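A look at the structure
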Amino acid sequence: MLDTIRLRLYGANDIKTGTLAEIQAQNGLPRFAVPEHNELYRKILTKQGKNFTMHLTYNREIDDYEPIAEDEWMLNKNSNTVTKHYQVRDRMKFYEEGKVKDKNKAINGSYSVPSSFSDVTFRINENGGFIDFQVSIPKYLYGHSLAEFIPQTESDLKFEHGINFNSYDFQAKFIYDRLFKFIDKFFTDLCIFFSCESIPNNDYIEICRLDFCYNMYFKSKEEALRVLQEQRKIQMKLKRSSMAIEKSFDTSIWYKNEHGTAYKIYHKGSEYSSSKFGDLRKHLNINKEFIESYINRNCAPDTKKFYRENQGEIWNYFLAKGKDNHFALTPKDEERLRAVIADINEKTPYKIPFLKKEMDKVLRFEISMSNRYFMYLYKRHCFRRNDKIHQESVKRYKQAASIYANSNKQFSDVTRKDRKNYKMMHGFLNRGIALILGDNQSLKRYCTKAGSDYNHVSGEYNISRFEYRYTVLGKHDTVHFSEYFLMQCIKRFKAFVKHYTIHEIEPFEAIMDRIKEYNNNVQSNVDAYNERNRFKVVNPGTGEFIRKRNGQKMTKATQLLTRKELMQQGLKTVNATILGSVLTQMYHHKKSLTQVFEDLGTNKSTKSRIKADLKFFEVFDNSLSVAEPVNMKMTFEKYYWNTSGLQYAKNFYRNIKLKSEDYGINPFDAQSDFAIA
């Protein structure tokens with residue numbers, strides 16, 4: 001249901017100002033606006049270790065010297081807890097009307113906690129005083145996005161509600177609470193990783209981005225790709241002339257609207273194998289690291305030696321399987337290599353051939369929402385939605401806007417009071433917002449009630465900003481991230497999925513897609529067949545190729561098969577152009593196969609071959625009159641059915657204990673072999 005989330009922590013280096021702050025500092029209280037975030041900021045800058053990277057390009061060195069007492073100097077030189085601090089910065093200079101401003105560039109990095117192989121990326125903006133963290137929730141919990149952020153098959157919540165959780169709408173009732181519990185878990189992991197004493201302060205944390213997703217399962221890769229091609233033909237209700245960007249590829253549909261929201265439908269299997277977006281390479285590296293550790297600890301010297309000598313071939317095999325390509329192993333060591341590969345596949349955290357096969361059956365729907373869309377949706381549909389004063393002001397604003405937009409009406413029709421209201425409301429609706437996680441009751445009242453913004457004496461209404469002192473949050477319209485707002489986001493995601501839901505595929509298109517898919521797979525099938533059956537064309541006594549009676553040398557096993565046998569095993573292409581012409585006559589011109597042959601003057605042998613090819617694709621005279629039904633129900637029934645099986649679950653989860661994952665609480669056993677730090 002949810003995928004990527006970006007959280008912004010404000011007050012990383014902002015300092016309180018004023019007399020009260022000075023008095024508090026003299027009494028030993030922290031001067032920083034948000035001490036919890038300042039502690040994290042300092043811990044990140046001094047962090048070193050495995051699973052952590054940080055990129056700081058360098059223009060200026062900082063090497064501080066301070067006068068300290070002799071005993072303190074001795075302690076620093078001899079204590080194991082003292083760490084050298086050395087920072088590197090990229091800086092920018094701005095020249096404007098004789099003034100020079102010197103600013104730090106952002107610091108970028110990533111880390112991963114021991115219970116998760118997925119990286120968390122972060123970005124520190126020292127000038128703005130905030131830190132961004134971005135993470136994919138399913139990948140953080142399960143390591144891949146074939147998994148969904150829902151209570152898993154054997155979780156307590158799933159047992160409690162049973163088949164009700166098959167329903168997407170029923171799942172949506174729990175998502176707000178589950179999201180917050182995941183965020184709690186995320187920040188707990190973060191504090192443990194960076195050795196922070198304080199949990200981040202939700203009152204100063206903004207949700208900057210939230211991605212909604214759904215994996216829709218089909219019977220096969222071919223059906224999934226056929227559905228994607230049909231979806232291209234749908235007249236996009238969401239597509240308007242103001243759309244900023246539109247991109248389409250062979251295995252994806254992607255576009256962005258005027259509010260900066262990105263809409264995507266893509267074939268999950270193709271995305272997994274992609275070098276730019278996919279996780280195949282990452283899974284290979286994790287598996288390789290795990291196997292290296294496992295072999296060093298558990299295997300005999302002979303096995304270690306064999307692995308070292310053949311590891312390149314072994315991992316190229318897994319890479320090929322992840323890309324759905326055939327890979328021929330060295331014949332001399334093939335038997336032992338297959339045994340080693342099977343053993344590795346059994347032990348690795350990520351079962352790459354399995355994941356590729358399952359992802360090939362999936363089309364993924366995804367919407368990425370960020371600040372611009374949050375501003376539009378919150379201010380127009382959520383902010384003070386039940387407050388009569390605010391709604392009356394919105395009504396007057398729309399009436400004035402209608403007059404201003406109509407060239408046939410006079411601006412004088414808008415009263416002075418309504419002009420003032422229009423200016424105020426227009427400014428408010430077009431100012432950016434910050435969605436705050438915290439449970440601040442004052443902020444909640446601000447978002448639901450007009451309160452002191454309405455002057456009962458003059459009858460004027462003016463929306464103020466909620467006060468956030470000392471941080472850049474004070475420059476935004478801060479609002480509460482409410483459950484109602486999240487439900488509005490989900491409502492729009494469901495509308496997107498529904499818009500692209502099809503119920504049947506036209507038979508002509510379905511058959512042509514099957515022919516194309518069949519031809520595309522022939523070469524890889526031929527290579528695999530010849531590799532497996534090489535012994536059939538080589539004389540075991542002499543090592544020479546077998547020859548036919550006419551003296552022709554047989555170098556490939558496919559040469560021993562008849563045309564019918566080649567077709568049945570997917571080893572011979574068909575003439576798509578000729579079959580397409582015949583099918584066009586049958587479908588678009590409503591002709592029988594006999595009539596088509598008569599019109600084309602087809603000879604007997606060609607007629608026989610075309611009939612055989614059409615029969616192979618199950619095409620008869622009445623085949624093109626019935627559309628192929630497609631099941632595109634937005635439920636989690638298939639997901640739960642799949643993961644309820646023990647063998648499927650072992651391949652699906654990197655640790656079988658994740659089958660009981662519930663609210664984002666990690667049941668991961670820290671002593672497990674998979675918990676490599």
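What counts as what
Residues numbered from 1 in each chain as written. Predicted model: local features only at pLDDT ≥ 70, side-chain atom pairs only at ≥ 80, totals over all residues. Heavy atoms only, no water. Helix = DSSP H or I, 4+ residues; strand = E, 2+ residues; numbered from the N terminus. Buried < 20%, exposed > 50% of the residue type's maximum accessible area, 1.4 Å probe, protein only. Contact = heavy atoms within 4.5 Å. Areas by Shrake-Rupley, 256 points an atom, 1.4 Å probe, with all protein chains shown as cover. Phe/Tyr/Trp six-rings, centres within 6.5 Å; stacked < 30°, edge-to-face > 60°. Lys NZ or Arg CZ within 6 Å of the ring centre and 35° of its normal. Expected span 1.5 Å × (residues − 1). Arc of directions from axis to C-beta. Axes fitted to C-alpha atoms, helices over the stretch in contact; angles between N-to-C directions. Parallel < 35°, antiparallel > 145°, perpendicular 65-115°, else oblique. Nonpolar A, V, L, I, M, F, W, Y, C, P; charged D, E, K, R; others polar. Pairing = 2+ DSSP bridges. Salt bridge = Lys/Arg side-chain N within 4 Å of Asp/Glu carboxyl O. Core = buried A, V, L, I, M, F, W, Y, C linked by side-chain atoms within 4.5 Å. Left-handed = near helix turned anticlockwise from the far one by under 90°. pLDDT = per-residue confidence, 0-100.

Quick word on the overall build of the protein
What the protein contains, in helices and strands, is 24 helices and 18 strands. Going through the 677 residues of the protein one by one, you find that 47% of them count as buried. Long-range pairs, those at least 24 residues apart, make up 73% of the contacts in the protein with a sequence separation of at least 6. Accessible surface for the protein amounts to roughly 36300 Å². Of this, 49% is attributable to carbon and sulfur atoms.

Considering the packing of aromatic side chains
Under the definition given, this model contains 44 aromatic pairs. With 5.7 Å between their ring centres and 85 degrees between their planes, Tyr-140 and Phe-182 make a pair best called edge-to-face. Of this pair, Tyr-140 sits in helix H4 (residues 137-142) while Phe-182 sits in helix H6 (residues 168-194), placing them 42 residues apart in sequence. For the pair formed by Tyr-140 and Phe-182, the shared burial category is buried. Arranged with centres 6.3 Å apart and planes meeting at 55 degrees, the rings of Tyr-142 and Tyr-653 form a pair that is tilted. With a gap of 511 residues between them, Tyr-142 in helix H4 and Tyr-653 in the segment after helix H24 (646-652) connect regions that are remote in the sequence. By relative accessible area, which is 0% here, Tyr-142 ends up buried. Tyr-653 sits in the buried class, given a relative accessible area of 2%. An aromatic cluster is built from Phe-122, Phe-133, Tyr-140, Phe-149, Phe-182, Phe-186 and Phe-187, whose rings are joined through pairwise contacts. Above the plane of the ring of Tyr-640 lies Lys-158, whose end atom (NZ or CZ) is 4.5 Å from the centre.

What to know about unusual backbone geometry
Residue Ser-195 is not a glycine yet carries a positive backbone phi of 60 degrees. Mapped onto the fold, Ser-195 is located in the loop between H6 and strand S10 (205-217). Here the phi dihedral of Tyr-470 falls at roughly 80 degrees; this positive angle occurs in a residue that is not glycine. With respect to the helices, strands and loops of the structure, Tyr-470 is situated in the loop between helix H16 (441-448) and strand S16 (477-480).

Concerning helix H9 (residues 280-298)
Helix length check: H9, at 19 residues, gives a terminal C-alpha distance of 26 Å against a target of 27 Å (1.5 Å per residue), a fit within 8%. Buried residues of H9: Leu-280, His-283, Leu-284, Ile-286, Asn-287, Phe-290, Ile-291, Tyr-294 and Ile-295, and no others. Looking straight down H9, one finds that the buried residues subtend no more than 165 degrees of arc, so they occupy a single side. Buried residues belonging to H9 abut helix H8 (268-273), helix H10 (301-322), helix H11 (334-347) and helix H12 (352-359).

Things to note about helix H7 (residues 221-233)
End to end, H7 covers 19 Å across 13 residues, agreeing with the expected 18 Å (1.5 Å per residue, within 8%). Looking at H7, one finds that the buried residues are Glu-223, Ala-224, Leu-225, Arg-226, Val-227, Leu-228, Glu-230 and Gln-231. Along its buried surface, H7 packs onto strand S12 (252-256), strand S13 (262-267), strand S14 (362-370), strand S17 (504-505), helix H18 (507-532) and strand S18 (628-629).

Side note on the side chain of Thr-4
Along the chain, Thr-4 turns up in strand S1 (residues 2-10). For Thr-4, a relative accessible area of 11% gives the class buried. Once you skip the residues sitting within four places of it in the chain, Thr-4 turns out to touch Gln-134, Val-135, Ser-136, Arg-209, Leu-210 and Asp-211.

Let's talk about the packing of H10 against H11
Two elements in contact, H10 and H11, have axes whose closest approach is 10 Å; the angle formed by their N-to-C orientations is 80 degrees. With respect to H11, the axis of H10 lies roughly perpendicular. Along the contact surface, H10 presents Asp-302, Thr-303, Phe-306, Tyr-307, Asn-310, Glu-313, Ile-314, Trp-315, Tyr-317 and Phe-318, while H11 presents Arg-336, Leu-337, Arg-338, Val-340, Ile-341, Ile-344 and Asn-345. Residues belonging to the contact of H10 with H11 are distributed by class as follows: 10 nonpolar, three polar and four charged.

A word on the pairing of S13
Of all the six residues making up S13, six are buried; the element is thus mostly covered by neighbouring parts of the structure. Neither face of S13 is left uncovered, since the one carrying Ala-262, Lys-264 and Tyr-266 and the one carrying Tyr-263, Ile-265 and His-267 both have all their residues buried. Relative to S13, S12 runs antiparallel, the two sharing five bridges. When the sheet's bridge partners are listed, Tyr-255 is paired in S13 with Tyr-263. Two successive antiparallel strands, S12 and S13, enclose a turn made up of five residues, where Gly-260 displays a positive phi of approximately 85 degrees. Relative to S14, S13 is paired through six bridges, and the arrangement is antiparallel. Residue pairing across strands places Tyr-266 opposite Arg-364, the latter belonging to S14.

A few points about the pattern of salt bridges
Here the structure, examined in full by the defined rule, presents 26 salt bridges. Residue Arg-336 is joined to Asp-302 by a salt bridge in which the shortest nitrogen-to-oxygen separation is 3.0 Å. Residue Arg-336 is located in helix H11, and its partner Asp-302 is located in helix H10; the two are separated by 34 residues in the primary sequence. Overall, Asp-302 belongs to the partly exposed group, its relative accessible area being 49%.

Digging into the nonpolar core
By size, the foremost hydrophobic cluster in this structure holds 151 residues, and its most contacted members are Leu-7, Tyr-111, Phe-133, Phe-186, Phe-481, Phe-493 and Phe-496. At 16 residues, the largest contribution of residues to this core is made by H6. Setting aside anything within four residues of it in sequence, one finds Phe-481 in contact with Tyr-176, Leu-179, Phe-180, Ile-207, Leu-210, Leu-435, Ile-436, Leu-437 and Leu-486. By size, the runner-up hydrophobic cluster in this structure holds 25 residues, among which are Leu-583, Tyr-587, Ile-610 and Val-619.

Topic: the packing of H7 against H18
As a packed pair, H7 and H18 sit with axes 10 Å apart at the nearest point and diverge in direction by 130 degrees. Put simply, H7 runs oblique to H18. The way H7 lies across H18 gives a crossing that is right-handed. In contact with Glu-222, Leu-225, Arg-226, Gln-229, Glu-230 and Lys-233 of H7, H18 contributes Glu-509, Ala-510, Asp-513, Arg-514, Glu-517 and Asn-521.

Here we look at the confidence of the model for the protein
Looking at the protein, the pLDDT average stands at 81 and 83% of residues meet or exceed 70. Taken element by element, the predicted model of the protein shows its lowest mean pLDDT in strand S4 (residues 87-89) (45) and its highest in S10 (95). Predicted confidence for residues 58-63 stays below pLDDT 50, and this span has 14 contacts to residues more than four positions away or in other chains. In the model, residues 664-677 has pLDDT below 50 throughout and makes 35 contacts with residues more than four positions away in sequence or in other chains.

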